[in-house]
Amino acid sequence: MSDAPVQEVRQTDVSAPAAVDVRDLEVTFHRRGRDLPVLRGIELRIEAGEAYGLVGESGCGKTTLAMAVVRYLAANGTVDAGSVLVGGQDVSTLSEEALRKWHGEAVAMVYQDPAAALSPAMRIGDQVGEVFRYHEGLSKVGARARAREALRSVALPDPDATMRRYPFELSGGQQQRVVIAMALAVNPRLLILDEPTTGLDATVEAEILDLIEELRGRLNAAILLITHNLGLVARLCDRVGVLYAGRLVEEGPAREIFTDPRHPYTMGLLRCVPRFGMNKTDAALQTIPGTLPALGERKPGCIYADRCPMVKSVCLRREPDLLGCPGDAAARARAEAEAAPADSQAASPHNANPVGEAAHHARCYFSAEVPEMPLTTPVLAATKEAGPEGGGDVLKIDTVRRSFRDGRKKLVAVHDVSLALKRGETFGLVGESGSGKTTLAKCVTGLIAADSGTVSFEGKRLRPTAGRRSQAALRAIQMVFQNPDSTLNPAWSTRAILTRAVRKLGGGSGSSVRAKVDELAADVRVEPRFLLQKPMDLSGGQKQRIAIARAFAGDPTLVVCDEPASALDVSVQASILNLLVELQASEAVSYIFISHDLAVVRYLSDRIGVMYLAELIEVGSAEEVFKPPHHPYTEALLSSIPTLDFDDPHQRIPLRGSMPSLSEPPSGCRFHTRCHRILGDICVEQEPPIQEAVTGHTYKCHIPPDELLQLQTATEPAAPIEV
Amino acid sequence: MPEAVAGRTGQEIQANADAALERRWQRRYLVAALLRSPTFISGLVIVVFWVLMALFSMHLTQSPFDVNPMSTLQAPSSAHWAGTDDLGRDVLARTMAGARTVLFIAPLATILALLWGGIIGLITGFYRGLIDEVIMRLVDVLLSLPVVITSILILSLLGSSTAIVIVVIGVLFTPLVSRTVRSAVLREREREYVMASRLRGERSWFVMVGEILPNITGPIIVEGTVRLGYAVFTAATLSFLGYGLQPPSPDWGLTIATERVFVQLAPWTVMFPAIALASLVVGVNLITDGLGRVFSK
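## Things to note about the overall build of chain B
A tally of helices and strands in chain B yields eleven helices and zero strands. When the elements of chain B are put in sequence order from the N terminus, they spell out α-α-α-α-α-α-α-α-α-α-α. Here chain B holds 297 residues, and the buried ones make up 47% of them. A sequence separation of at least 24 residues applies to 71% of the contacts in chain B between residues at least 6 apart.

## Observations regarding the overall build of chain A
Within chain A, the regular secondary structure consists of 26 helices and 24 strands. Counting the 723 residues in chain A, one finds 52% classified as buried. A separation threshold of at least 6 residues defines the contact pool for chain A, and within that pool the share at least 24 residues apart is 70%.

## Let's talk about the sheet that holds strand β16 (residues 452-457) of chain A
All names here are of chain A. The strand order β14-β13-β16-β17 describes an open sheet built from four strands, whose pairing is antiparallel. Edge strands, defined here as strands with exactly one partner in the open sheet, are β14 (409-422) and β17 (460-461). Examined bridge by bridge, β16 and β17 share two bridges and lie antiparallel to one another. Along β17, the bridge assignment pairs Ser-456 with Arg-461.

## A word on the pairing of strand β9 (residues 239-244) of chain A
Residue and element names in this part refer to chain A. By the criterion of burial, β9 is predominantly enclosed, with six of the six residues buried. Residues Arg-239, Gly-241 and Leu-243 of β9 are buried on one face, and the alternating residues Val-240, Val-242 and Tyr-244, pointing to the opposite face, are buried as well. Relative to β9, strand β3 (residues 51-55) runs parallel, the two being bridged by four bridges. Within β9, the position partnered with Tyr-52 by the bridge is Arg-239. Bridge count between β9 and strand β10 (residues 247-253): six bridges; the pairing is antiparallel.

## Some details on the environment of A:Leu568
All names here are of chain A. Structurally, Leu-568 can be placed in the loop between β19 (558-562) and α21 (570-587). With 23 C-beta atoms counted inside 10 Å, the residue Leu-568 sits in the buried group. Sequence separation between Leu-568 and Ser-433 is 135 residues, and the spatial gap between their C-alpha atoms is 19 Å.

## Topic: the environment of A:Cys443
Residues and elements named next belong to chain A. Looking at where Cys-443 falls in the secondary structure, it is placed in helix α16 (residues 437-445). C-alpha separation for the pair Cys-443 and Val-179, spaced 264 residues apart in sequence, amounts to 37 Å. Setting aside anything within four residues of it in sequence, one finds Cys-443 in contact with Val-400, Arg-402, Val-414, Ile-448, Ala-450 and Val-455.

## Examining the domain arrangement of chain A
According to the domain assignment, chain A consists of domain 1 (4-119 + 180-372), domain 2 (122-165), domain 3 (383-612) and domain 4 (627-713). Just the C-alpha atoms count here: the centres of domain 2 of chain A and domain 4 of chain A sit 35 Å apart.

## Structural notes on the sheet that holds strand β11 (residues 323-324) of chain A
All names here are of chain A. An order of β6-β7-β8-β3-β9-β10-β12-β11 is seen for the eight strands of this open sheet, with the pairing classed as mixed. Because the sheet does not close on itself, it has two edges, and the strands there are β6 (107-110) and β11. Sheet analysis places β3 next to strand β8 (residues 222-226), joined by four bridges and oriented parallel. Paired with Gly-53 across the bridge in β8 is Leu-225.

## Overview of the nonpolar core
Judged by nonpolar contacts, the single largest core of 274 residues is most densely connected at A:Val20, A:Leu224, A:Leu225, A:Ile592 and B:Val232. At 18 residues, the largest contribution of residues to this core is made by helix α3 (residues 91-127) of chain B. Look past the residues within four positions of A:Leu224 in its chain and what remains in contact with it is A:Val20, A:Ile46, A:Tyr52, A:Leu54, A:Ala66, A:Leu190 and A:Ile192.

## Brief notes about helix α9 (residues 202-218) of chain A
Residue and element names in this part refer to chain A. The first and last C-alpha atoms of α9 sit 25 Å apart over 17 residues, in line with the 24 Å expected at 1.5 Å per residue. Those residues of α9 that sit buried are Ala-202, Thr-203, Val-204, Glu-205, Ala-206, Glu-207, Ile-208, Leu-209, Leu-211, Ile-212 and Arg-216. Those residues of α9 that are buried lie in contact with β3, α8 (172-185), β8, α10 (230-236) and α24 (632-639).

## Observations regarding unusual backbone geometry
Residue A:Pro629 is bonded to the preceding A:Pro628 through a cis peptide linkage, with omega at 0°. Here A:Pro629 lies in the loop between α23 (622-625) and α24. Cis peptide bonds are those with omega within 30 degrees of zero, and the linkage from B:Pro247 to B:Pro248 qualifies with 5°. At A:Glu563, a residue that is not glycine, the phi angle is positive and equals roughly 50°. What makes A:Glu563 buried here is the crowd of 21 C-beta atoms within 10 Å. Positive phi values are uncommon outside glycine, yet A:Leu613 reaches one of about 45°. By the element assignment, A:Leu613 lies in the loop between β21 (607-612) and β22 (615-621). Judged by the 24 C-beta atoms lying within 10 Å of it, A:Leu613 falls in the buried class.

## Describing the packing of helix α4 (residues 129-143) of chain B against helix α6 (residues 162-189) of chain B
All names here are of chain B. Interaxial distance between α4 and α6 falls to 9 Å at its minimum, and their mutual angle equals 135°. The angle between α4 and α6 places the two elements in the oblique class. Taken as a pair, α4 and α6 cross one another with a handedness that is left-handed. Contact residues: α4 offers Val-139, Leu-142 and Leu-143, while α6 offers Pro-175, Ser-178 and Arg-179.

## Remarks on the packing of helix α18 (residues 494-506) of chain A against helix α19 (residues 510-523) of chain A
Residue and element names in this part refer to chain A. One can describe the packing of α18 onto α19 by two numbers: an axis separation of 9 Å at closest approach and a directional angle of 115°. The crossing of α18 and α19 is right-handed. Each of Arg-495, Leu-498, Thr-499, Val-502, Arg-503 and Gly-506 in α18 lies in contact with α19, whose residues at this interface are Val-513, Lys-516, Val-517, Leu-520 and Ala-521. Looking at side-chain class alone, the contact of α18 with α19 contains six nonpolar, two polar and three charged residues.

Procedures and definitions
- Residues numbered from 1 in each chain as written.
- Chains lettered and ligands numbered in written order.
- Predicted model: local features only at pLDDT ≥ 70, side-chain atom pairs only at ≥ 80, totals over all residues.
- Helix = DSSP H or I, 4+ residues; strand = E, 2+ residues; numbered from the N terminus.
- Buried ≥ 20, exposed ≤ 12 C-beta atoms within 10 Å, placed from the backbone.
- Contact = placed C-beta atoms within 7 Å.
- Pairing = 2+ DSSP bridges.
- Domains from an automatic or database assignment.
- Core = buried A, V, L, I, M, F, W, Y, C linked by C-beta atoms within 7 Å.
- Expected span 1.5 Å × (residues − 1).
- Axes fitted to C-alpha atoms, helices over the stretch in contact; angles between N-to-C directions.
- Parallel < 35°, antiparallel > 145°, perpendicular 65-115°, else oblique.
- Left-handed = near helix turned anticlockwise from the far one by under 90°.
- Nonpolar A, V, L, I, M, F, W, Y, C, P; charged D, E, K, R; others polar.

Listed below in structure tokens is the structure:
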């Protein structure tokens, strides 16, 4: 194996058994008679108490690696070579029975979807108690006491009431807390977190991260965090491994990986993510050209060579080993010097990294040149022309309200929202799930009818549902959906999908339709050969491109984009966002862009609206909304995003309690139950006025702009006031 | 340990990629997968055998109608492999020829049920609302009636030609099919491509037939084979009870009914058609199982 030198370095410090010690691991999946190597030559060491982050795009083998570590691979996966020691224990030698026992005692896993990890038919108390009864042989009463304690340790409010509840009565964040409580109940030596916050809202995610961070101090468990969210890793982990196509391509201290990446893939990933505060007029997003190699594809050279912007002939001949990075020592020294005025983050064992001298390796011959890696897309795309034009409003939404019925309860999902949109403008809509973003979008497109209020397009009032709108109105307002796998009809070929859209929306016949379809495909950069394919033969990014082409078939004036890139990997997301910006520049189209990713919304939008509990609580230019004075909710939302900036001093503002129910929205200001800047009774009793911070930037709060500005720019973060 | 379930992003992509791979594999290798399923293959062999018999047995065996008063109720011998019946007709020839009627009635009845059930399921699932409520309650009423008793009543009322038997079985199976189709439509209509077609101003019938129908063929095919098995069964039951086919038809149900008085004297007269009937039902059910397993993968 080519990793011999690295292995030698590592063998020097095996005095204390590592929490995880993976050597030369090879995992193969067997699929329909073919052997597909998923992981090759993985070397990994996690010390006790260390948090290790595993990043990489989907399909790189992150979850497989975690499963191999705990010997929990799917039936068609086998470990072909290498060894896995967890806490000094060779996992492969355990008998079935011993393995089960060991799973219960030494390792714990937390998955993405907490609802699926909990039994829907069991009360929380019984479920958590069961862990203690099974693993510690406690009596029912004893187990309940321990369960209560466990729930308290994960900061669930009112553990006694929670014990009596069923999982469906808890919010997603609370469910995940219960899962974490169960995972930690056995006092594991290794805690595996597989995308633990991916389905959760930003503020809930931040709470769970706080919890994990806090628990780390108390437990001596090693943490293996798997995620596609680089910000999460930056915040939580001491060391990071970057996995690409089953190979570990870079590994090192988190801070170094994110501030000074030494592998072109890591660099590419970091450049894909829009930095906070970036806007489409500043620069186009960088992308990673090409796609992940298919499983089982084996080439002699570097596995990343065909996507690498700095590939040289040697890269194609022989694969590089995991090499220590040049300038590594210097970088470390610098990092330590910077971390010296110890903030709380650096005090955690961020730098207590015992893996020997060369702590930062990259599988690249030219890691010294990575900081100067050439850009993959020109910095300035046609973005300057994007942006609102003068003239009147294209779309006007006036006090739109829509409610749903849930049994006997009435849920108002959109409560009297008004806003206007100019031609060529992008309006970003942010807010947590359940805030009414998608419902509002569907009222605009006519997929659902508003109960009251009007939607006018170019001065004309639109009929409430799409079925009753004129073909011209339908053509003008189109939509791009979230899920690439259901947005295209799986039974139709791509060409058929586009042809139908052009026929219905653009009109024309025969050759002109054909020409238009080819033109659309070219516009969204889908090669003609893919037009013959069915959606299932396309990648997620390609499907979303076709969906965008479909929306543009009739030269629309407004396209509503409902999280169009959030189901995609970051590199694909970047290219989709670039595409939307380009199309806006060339077609002068307006967007309503919905996303829960604030950096993405900030990047794409000219103006932004923030929704909370069915109300639009703040509207303003992207820049204004994201800086003080802004609504306290926006402030909290912004503070909850994990960023890649290690020196960012920003203090997270925890929101109290959980999202109130839409069926009984709080009196007065809807945010008062969770607001950290609550003034007192006035917020509880009176609906706040709409205040104007600067022209065009309004928010709904009792605190006047100058006071809010003062509060939000003060260095001392306001302590949450209890009501 | 709990299973990872797709949510919104990262892992979902993985799951989706897997699902897409799986689907691609399914369509492209559906036949290959079926051919590798022993269940499906054994079912197919049985059913194909009976189809061949229905089509060509008259060229292979003696005539099923040739009466021979000289050799009635003969035990199986080299001349008559399955013996003869009370009129001296060759039991083997009649058993083989008996496949003809049942393989005519059952598939036609099933096709009618799929057609009507498909239309009802599409409409109720797509429009929901009042239409759905009313039709589905009617379906519940129909489902609460015992199939055989109801068909006897209807056949007594309308007369019992083969055509009416087919229609009656078709009608009685319609509710079950419509339920299956409706639930598939309900799942499919919430998908984003259906929303996209509404934003294109497509007519409802186009969305139903052009967009949704091609994506619910899997459940429809599986439901069809399930119904086919029951249709064979029901057709045989009805002819056993004297509805539909009349003597001298070699139909299995009818033969079992007419020959059952000789069952102690000449068990082969009943045994062979009974085995034939059972084997066909088992064959169809094996196909159903095979299909169901491949589709649900």
